[in-house]
Number of protein chains: 2
Amino acid sequence: MARTRGGNHTKRTTDELRKRIVNGELPGGTRLTELGLAEDLAISRTPIREAMSRLAEEGLLERVRGGGFVVRTFTLEDMIDAIELRGVLEGTAARIAAERGVDPANLAEIKRLLDCLEGCFGGDAGAMNFDAYSELNARFHDQLAESCASPVIQHELRRVALLPFASPSAFVMARPDDAASYRSLVVAQTQHHALVAAIERREGARAEAIAREHARIARSNLEAAFATGQPGPDTLSRLARYAEQG
Amino acid sequence: MARTRGGNHTKRTTDELRKRIVNGELPGGTRLTELGLAEDLAISRTPIREAMSRLAEEGLLERVRGGGFVVRTFTLEDMIDAIELRGVLEGTAARIAAERGVDPANLAEIKRLLDCLEGCFGGDAGAMNFDAYSELNARFHDQLAESCASPVIQHELRRVALLPFASPSAFVMARPDDAASYRSLVVAQTQHHALVAAIERREGARAEAIAREHARIARSNLEAAFATGQPGPDTLSRLARYAEQG
DNA sequence: GGGCGGAACATTGTATACATTATTGCCACC
DNA sequence: GGTGGCAATAATGTATACAATGTTCCGCCC
């Protein structure tokens, strides 16, 4: 258990198992036994159980009849659906924000982040600050989720964004070269502006439609990452390898 | 622990705690301590922990920083949002089913359930079989969720429907008298028919809109149940009392 | 040869002791 | 009087022994 640091055994085990699942080391359908993992990680069964419970909460594991857990299967289609679902939920948050009105402080923060995102763009792909954009983009989407002031919607949105490669920042830099990524982000940022304008003007239907289409950039990037191969049971591991390469 | 029967300590504790939360006996914000519950239920801490993990999975409890759980707060607004969210997810499932096409066997089963639902209606409110309708309605919605053939969407839909009083069958009989309930169900059944027709004709946008509006019947019934009082921290317990009365 | 039964095994369920960590409140000190 | 730290307390974190429950596979009987 020296692989991942910090916290207690439960947290380390949770992180380690999450990593193995997203890596594809633990393929979908694998049954996890407490004893096996306890031996493997050289700790007792108690933190293993706790970690598996938390991963079931995240949706990475499924409880199986008669006790125990299996790794949930994530095919390419599942990831596409997860991204679509994130778009639907972000769209709902944006629509409700537009319909009910947003807290001024929240709106101000959203606009501030929008300005910061703008600052990441240079005149061309070479001058683009991709890392800063990725970080700010995540915060922008967080703030947007808060704008609807609904704990229930925020909660479920956070859940869906935890699914493998469904988060708003998962595919910011996924294009095969900087020029393609740059173009992709130009479109994304234009949508950010339009989304905020729609919310401010109380145009709920427009806000919802933009948020959905915005998420589909991620879908497009995901499909581009798989353009050369066919989806299959190794989807996650191939995607993880792809993500490592940059 | 003789209150709830069947299964092991974990299951009984899970059911017992769920009941207390939905009843309002454990108000939102209450911190649950393993030791306190263990003493109360006269069992050890282990099944208590396990039960709390599962309820966190259902969204009834929240993990708190530094360990432990608190009961999640469900106000009237939260329930309204949960119902809206269910409508959004059912709408997405219906839209995707229309766009991608449905499995013939699945469609046949949906139509069969639709016929059965039809059979619950008599000429007037007095002849209506409310219990049968409630049961069939739940199965109809289950089958509809399956029609999109997406494990991810089905999974999240099931989750949201688990939130207190957000399920499709929660408010079937919630109106103050049979005549009002009957009218409500006439509208609901008309929407069922329209929804199936839209899916069959591949009219995705229409299917989505109908499913959303369909869920808003539940919202209307929820608000009717609260017409006389103001929402507050006792929302859940008042609603539970209301549900008991019939 | 097929199906039933039972024993051996694997796995999860439960209790409990002990370790570790967070919280609380008091007291000394500034 | 306020603030810092320290001790007491209470909670969760962990390990482990034992119980209960499936599961599997082998042999027996039909």
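Just so it is clear, the structure is predicted and the values come from calculations on it, not from any experiment.

(A) Geometry of the environment of Arg63(A). Examined against the element boundaries, Arg63(A) turns out to sit in strand E2 (residues 61-63). Spatially, the C-alpha atom of Arg63(A) lies 9.2 Å from that of Met52(A), the residues being 11 residues apart in sequence. Leaving out residues up to four positions away in the same chain, Arg63(A) has contacts with Ser53(A), Gly68(A), Phe69(A), Glu50(B), Ser53(B), Arg54(B) and Glu57(B). A polar contact is formed between the side chain of Arg63(A) and the side chain of Glu50(B), at a distance of 3.1 Å.

(B) Representation of the nonpolar core within the structure. If you look at the biggest cluster of nonpolar residues, it comprises 52 residues, and the most contacted ones within it are Phe171(A), Leu222(A), Leu239(A), Phe171(B), Leu222(B) and Leu239(B). Secondary structure elements with two or more residues in this core: helix H4 (76-100), helix H7 (151-162) and helix H9 (204-225) of chain A together with helix H4 (76-100), helix H7 (151-162) and helix H9 (204-225) of chain B. When sequence neighbours within four positions are dropped, the list of residues in contact with Leu239(A) reads Met79(A), Phe165(A), Phe171(A), Leu222(A), Ala225(A) and Phe226(A).

(C) Examining the protein's contact with DNA strand C more closely. Not every one of the 17 residues close to DNA strand C is listed here, only the nearest: Arg45(A), His9(B), Thr10(B), Ser44(B) and Thr46(B). Within 4 Å of the protein, the atoms of DNA strand C are drawn from sugar and phosphate moieties in a proportion of 56%. In the environment of DNA strand C, a phosphate oxygen lies 3.1 Å from a nitrogen or oxygen atom belonging to the backbone of Glu34(A). Thr46(B) is positioned with one of its side-chain polar atoms (N or O) 2.7 Å from a base nitrogen of DNA strand C. Elements that contribute at least two residues to the surface near DNA strand C include exactly strand E1 (31-32) and helix H3 (45-58) of chain A together with helix H1 (9-23) and helix H3 (45-58) of chain B.

(D) Structural detail: the sheet that holds E1(A). Residue and element names in this part refer to chain A. A sheet is described by the order of its strands in space; here three strands give the open sequence E1-E3-E2, paired in antiparallel fashion. A single partner strand is all that each edge strand has here, and the edge strands are E1 and E2. Two elements, E2 and strand E3 (residues 69-71), share three bridges in a ladder whose sense is antiparallel. Residue pairing in the sheet places Arg 63 in a bridge with Phe 69 of E3.

(E) The protein's contact with DNA strand D, seen in detail. Residues in contact with DNA strand D amount to 17 residues; listed here are only the nearest, His9(A), Thr10(A), Ser44(A), Thr46(A) and Arg45(B). Counting only atoms of DNA strand D within 4 Å of the protein, the sugar-phosphate share comes to 59%. The contact in question runs from a phosphate oxygen of DNA strand D to an N or O atom on the side chain of Thr10(A), over 2.4 Å. The separation between a phosphate oxygen of DNA strand D and a polar side-chain atom of Arg49(B) is 3.2 Å. When residues of the surface near DNA strand D are traced back to their parent elements, those giving at least two are helix H1 (9-23) and H3 of chain A together with strand E1 (31-32) and H3 of chain B. Among the elements that line the surface near DNA strand D, the one with the most residues is H3(A), at three residues. Partitioned by chemical class, the residues of the surface near DNA strand D number three nonpolar, eight polar and six charged.

(F) Representation of the pattern of salt bridges within the structure. Applying the stated criterion across every chain yields a total of 56 salt bridges over all chains. A salt bridge links Arg139(A) to Glu135(A); the shortest N-O distance between them is 3.9 Å. Of this pair, Arg139(A) and Glu135(A) both sit in helix H6 (residues 130-146), four residues apart, which is roughly one turn of that helix. Accessibility expressed as a relative area gives 46% for Glu135(A), which makes it partly exposed. Across the salt bridge formed by Glu34(B) and Arg49(B), the nearest N and O atoms sit 2.8 Å from each other. A residue pair is termed long-range when its members are at least 10 positions apart, and Glu34(B) in helix H2 (residues 34-41) and Arg49(B) in helix H3 qualify at 15 residues. Take Glu34(B): its relative accessible area is 16%, and that puts it in the buried class.

(G) Inspection of the packing of H1(A) against H3(A) at higher detail. Residue and element names in this part refer to chain A. The N-to-C vectors of H1 and H3 enclose an angle of 50 degrees; their axes lie 8 Å apart at closest approach. With respect to each other, H1 and H3 are oriented oblique. The two elements H1 and H3 cross, and the hand of that crossing is right-handed. Listed contacts from H3 to His 9, Thr 10, Thr 13, Thr 14, Leu 17 and Arg 18 of H1 are Pro 47, Ile 48, Glu 50, Ala 51, Met 52, Arg 54, Leu 55 and Glu 58.

(H) Up close: the interface of chain B and chain A. If you look at the interface, chain B gives 32 residues, while chain A gives 32 residues. Across the interface of chain B and chain A, roughly 2,900 Å² is buried in total on both sides, 47% from carbon and sulfur atoms. Seen at the junction of chain B and chain A, the total is 14 salt bridges. Counting across the chain B and chain A interface gives 15 residue pairs in polar contact (both at pLDDT 80 or more). Elements that contribute at least two residues to the side of chain B that touches chain A include exactly H3, strand E2 (61-63), H4, H7 and H9 of chain B. With 11 residues, the single largest contributor to the side of chain B that touches chain A is H4(B). Across the side of chain B that touches chain A, the residue classes break down as 11 nonpolar, four polar and 17 charged.

(I) Representation of the packing of aromatic side chains in the model. Within the structure shown, the criterion is met by four aromatic pairs over all chains. Centre to centre, the rings of Phe121(B) and Tyr133(B) are 5.8 Å apart; their planes meet at 85 degrees, and the pair counts as edge-to-face. You can see Phe121(B) sitting in the loop between helix H5 (104-119) and helix H6 (130-146) and its partner Tyr133(B) sitting in helix H6, a full 12 residues away along the chain. Phe121(B) sits in the buried class, given a relative accessible area of 16%. Their ring planes at 70 degrees and their centres at 6.1 Å tell us that Phe121(B) and Tyr182(B) sit as a pair that is edge-to-face. Here Phe121(B) is found in the loop between H5 and H6, whereas its partner Tyr182(B) is found in helix H8 (residues 178-200), with 61 residues between them in sequence. Across the pair, exposure class does not vary: Phe121(B) and Tyr182(B) are buried alike. Counting every residue linked through ring pairs, the aromatic cluster contains Phe121(A), Tyr133(A) and Tyr182(A).

The rules behind the values
- Residues numbered from 1 in each chain as written.
- Chains lettered and ligands numbered in written order.
- Predicted model: local features only at pLDDT ≥ 70, side-chain atom pairs only at ≥ 80, totals over all residues.
- Heavy atoms only, no water.
- Helix = DSSP H or I, 4+ residues; strand = E, 2+ residues; numbered from the N terminus.
- Contact = heavy atoms within 4.5 Å.
- Polar contact = N/O pair within 3.5 Å; in protein donor to acceptor, adjacent residues only side chain to side chain.
- Core = buried A, V, L, I, M, F, W, Y, C linked by side-chain atoms within 4.5 Å.
- Buried < 20%, exposed > 50% of the residue type's maximum accessible area, 1.4 Å probe, protein only.
- Near = heavy atom within 4 Å.
- Pairing = 2+ DSSP bridges.
- Nonpolar A, V, L, I, M, F, W, Y, C, P; charged D, E, K, R; others polar.
- Salt bridge = Lys/Arg side-chain N within 4 Å of Asp/Glu carboxyl O.
- Axes fitted to C-alpha atoms, helices over the stretch in contact; angles between N-to-C directions.
- Parallel < 35°, antiparallel > 145°, perpendicular 65-115°, else oblique.
- Left-handed = near helix turned anticlockwise from the far one by under 90°.
- Buried area = accessible area lost by both parts, 1.4 Å probe.
- Phe/Tyr/Trp six-rings, centres within 6.5 Å; stacked < 30°, edge-to-face > 60°.

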